[in-house]
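Chain by chain, the residues run as shown.
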Amino acid sequence: DGTLLPANPRMRTGSLPNGLQYTILPNAVPAGRFEVHMQIMAGSADETEEQQGMAHMCEHVSYMGSRKRERLFGTSSQTNAQTDFHHTVYWAACPTLRPSTGAPMLPLALDALLDVLEARFETTRVEKERAAILSEAAMVNTIDYRVEVQLLAALHSENRLHRRFPIGQIEQIKSWTPQQVQAYHGAHYRPNNAHLYVIGDIEPAEVEDMIGKMFSHLPARDPPTYKPEEGVDSVTLKNVNSFFPPINHEWMGERKH
């Protein structure tokens, strides 16, 4: 009936002058732990024809290969990241205090996510993560995965998703220079294209203050512009370049979801 779900009265939301959005929610269970998640509003559907797999590579270089992320190791923390069609998400689940010293862990966790936005694409780091991605691609290339790809390609033939699977194109992944990957990062990893979430046994006012101090220096940037994809005529260009699935697929006729 159009009624919105009620907002949690303890939830604090806001944005920095550079456009970075944040959501903070205190949650005392489990006690002594918190999680931070950063959502970049860009995934494989945001790639051009020559960038297939670049969103996933940015995930690896900016976080999986981050030395600041490595500082969370051995602290009873878990960290990971994932790339899908529309988003790239980075997260860390940590104890509130470092077990060995009792020092607060939130600054370290936020610093690891800040490193995602400020990632440097040195050749050695890019090559290390390139090798990891190629190994990952070989491992997931099972019959079940290939069947799933064919099913999704059929379901989403009228939008970009059917040819923008996150793992990308192997030959392209092998060929990119660090500068090309950094250009994709610069286009999409903007504070005004990100949302930071913090939930757990934390004090919202302290978290909000820390976010402001750590992320406010990042400059907002304009979103990228895209050229039409080659081989697509003007009649089908709108549907094929659509980032999100349509309300009604062509194969559904007049039926609604």
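Above this note sits the structure.
Now for a quick tour of the structure. All residue numbers refer to position in the chain's written sequence, counted from 1. Since the coordinates come from a predicted model, pLDDT governs what is reported: local features require at least 70, and pairs of side-chain atoms require 80 or more to be given and counted, while whole-chain, interface and lining totals use all residues. Just so you know, side-chain values use all the structure's heavy atoms and leave hydrogens and water out.

### Some remarks on the overall build of the protein
The cut-off we apply is this: Helix and strand labels come from DSSP, where a helix needs a run of H or I of at least four residues and a strand needs a run of E of at least two; each type is numbered from the N terminus. When a residue's accessible area, from a 1.4 Å probe over protein chains only, is under 20% of the maximum for its type it is buried; when over 50% it is exposed; and in between it is partly exposed. The criterion used for residue contact is that any of the two residues' heavy atoms lie within 4.5 Å. Methods summary: accessible areas were calculated by the Shrake-Rupley approach with a probe of 1.4 Å, and residue burial reflects only the protein chains presented.
When you go through the protein residue by residue, the secondary structure sums to 9 helices and 6 strands. Considering the protein as a whole, with its 257 residues, one finds that 44% of them fall into the buried category. A sequence separation of at least 24 residues applies to 79% of the contacts in the protein between residues at least 6 apart. When the accessible surface of the protein is summed, it comes to about 13,800 Å², and 57% of that surface belongs to carbon and sulfur atoms.

### Some words on the packing of helix H3 (residues 106-117) against helix H8 (residues 204-215)
The condition is simple: Under this scheme, a helix contributes an axis fitted over its contacting stretch, all axes are lines through C-alpha atoms, and angles between N-to-C directions fall in the 0 to 180 degree range. Crossings are classed by handedness, with left-handed meaning an anticlockwise turn of the near helix from the far one by less than a right angle and right-handed meaning a clockwise turn.
As a packed pair, H3 and H8 sit with axes 11 Å apart at the nearest point and diverge in direction by 35 degrees. As for how H3 packs across H8, the hand of that crossing is right-handed. Between H3 and H8, the contacting residues are Leu106, Pro107, Leu110, Asp111, Leu113, Leu114 and Leu117 on the first element and Val207, Met210, Ile211, Met214 and Phe215 on the second.

### Considerations on the environment of Ala55
Looking at where Ala55 falls in the secondary structure, it is placed in helix H1 (residues 54-64). Given the relative accessible area of 1%, Ala55 is considered buried. Sequence separation of Ala55 and Gly168 is 113 residues, and the distance between their C-alpha atoms is 8.8 Å. In contact with Ala55, not counting residues within four places along its chain, are Gly43, Ser44, Glu47, Thr83, Tyr184 and Tyr189.

### Structural notes on helix H4 (residues 123-140)
Side chains that are three or four residues apart share a direction in an α-helix, a result of its 3.6 residues per turn. Operational definition: Helix span, as expected, comes to 1.5 Å for every residue beyond the first. An arc is given here, and it is the one of the directions from the helix axis to the C-beta atoms.
Taking 1.5 Å of rise per residue, the 18 residues of H4 would be expected to cover 26 Å, and the 26 Å separating its terminal C-alpha atoms lies within 8% of that figure. Arg125, Val126, Glu129, Arg130, Ile133 and Ala137 are the residues of H4 that are buried. In a view along the axis of H4, the buried residues occupy a sector of 130 degrees, so they form one face of it. Facing away from the buried side of H4 by more than 90 degrees, the exposed set consists of Thr124, Lys128, Ala138 and Met139. Packed against the buried residues of H4 are H1, H3, helix H6 (170-175) and helix H7 (178-188).

### Description of the sheet that holds strand E1 (residues 12-15)
For clarity, the cut-off: Here, any two strands with at least 2 DSSP bridges between them count as paired.
Read across the sheet, 6 strands follow the order E1-E2-E6-E3-E5-E4 without closing on themselves; strand pairing throughout is mixed. The outermost strands of the open sheet, each flanked by one partner alone, are E1 and strand E4 (78-83). Here the strands of the sheet are splayed against their neighbours by 10 degrees on average, with no regard to which way each runs. In the sheet, strand E3 (residues 33-40) pairs with strand E5 (residues 88-95) via 8 bridges, with the strands oriented antiparallel. Bridging from a neighbouring strand, Gln39 pairs with Val89 of E5. Along the sheet face, H1 touches E4 and E5 and points at about 160 degrees away from the line of E4. Each of E1, strand E2 (21-26) and strand E6 (194-200) is contacted by H8, which is oriented at about 155 degrees to E2, the strand it contacts most.

### Structural notes on a nonpolar patch on the surface
To keep it simple, the criterion reads: Each patch groups residues whose relative accessible area exceeds 30% and which form no salt bridge, using 9 Å between like charges and 5 Å between nonpolar side chains of Val, Leu, Ile, Met, Phe, Trp and Tyr. Between Lys or Arg on one side and Asp or Glu on the other, a salt bridge is scored when a side-chain nitrogen of the former is within 4 Å of a carboxyl oxygen of the latter.
On the surface, Ile143, Val147 and Leu151 cluster together into a nonpolar patch covering about 290 Å² of accessible area. Here Val147 lies in helix H5 (residues 143-155). By relative accessible area, which is 41% here, Val147 ends up partly exposed.

### Brief notes about H7
Considered for burial, the residues of H7 that qualify are Pro178, Val181, Tyr184, His185 and His188. Taken end-on, H7 shows its buried residues confined to a sector of 125 degrees, consistent with a single buried face. As for H7, its buried residues are in contact with E3, H1, H3 and H4.

### Section: unusual backbone geometry
Only a minority of non-glycine residues have a phi that is not negative, and only a minority of peptide bonds are not trans. Residue Pro30 is reached from Val29 by a cis peptide bond, and omega for that bond is 0 degrees. Summarising the element assignment, Pro30 is placed in the loop between E2 and E3. With phi around 65 degrees, Ser76 is a residue other than glycine that occupies positive phi space. Along the polypeptide, Ser76 turns up in the loop between helix H2 (67-70) and E4.

### Remarks on the nonpolar core
Let me state the cut-off plainly: For the purposes of this section, nonpolar cores are sets of buried Ala, Val, Leu, Ile, Met, Phe, Trp, Tyr and Cys residues that join through side-chain atoms within 4.5 Å.
Residues Val36, Ile211 and Phe215 are the most contacted members of the largest nonpolar core, which totals 48 residues. Considering each element in turn, this core owes the most residues, 9 residues, to H3. Discounting residues that sit within four places of it in the chain, Ile211 has contacts with Leu16, Leu20, Tyr22, Ile24, Leu110, Leu196, Val198 and Ser216. Listed in part, the 5 residues of the second largest apolar core include Ala45, Val149, Leu161 and Phe165.

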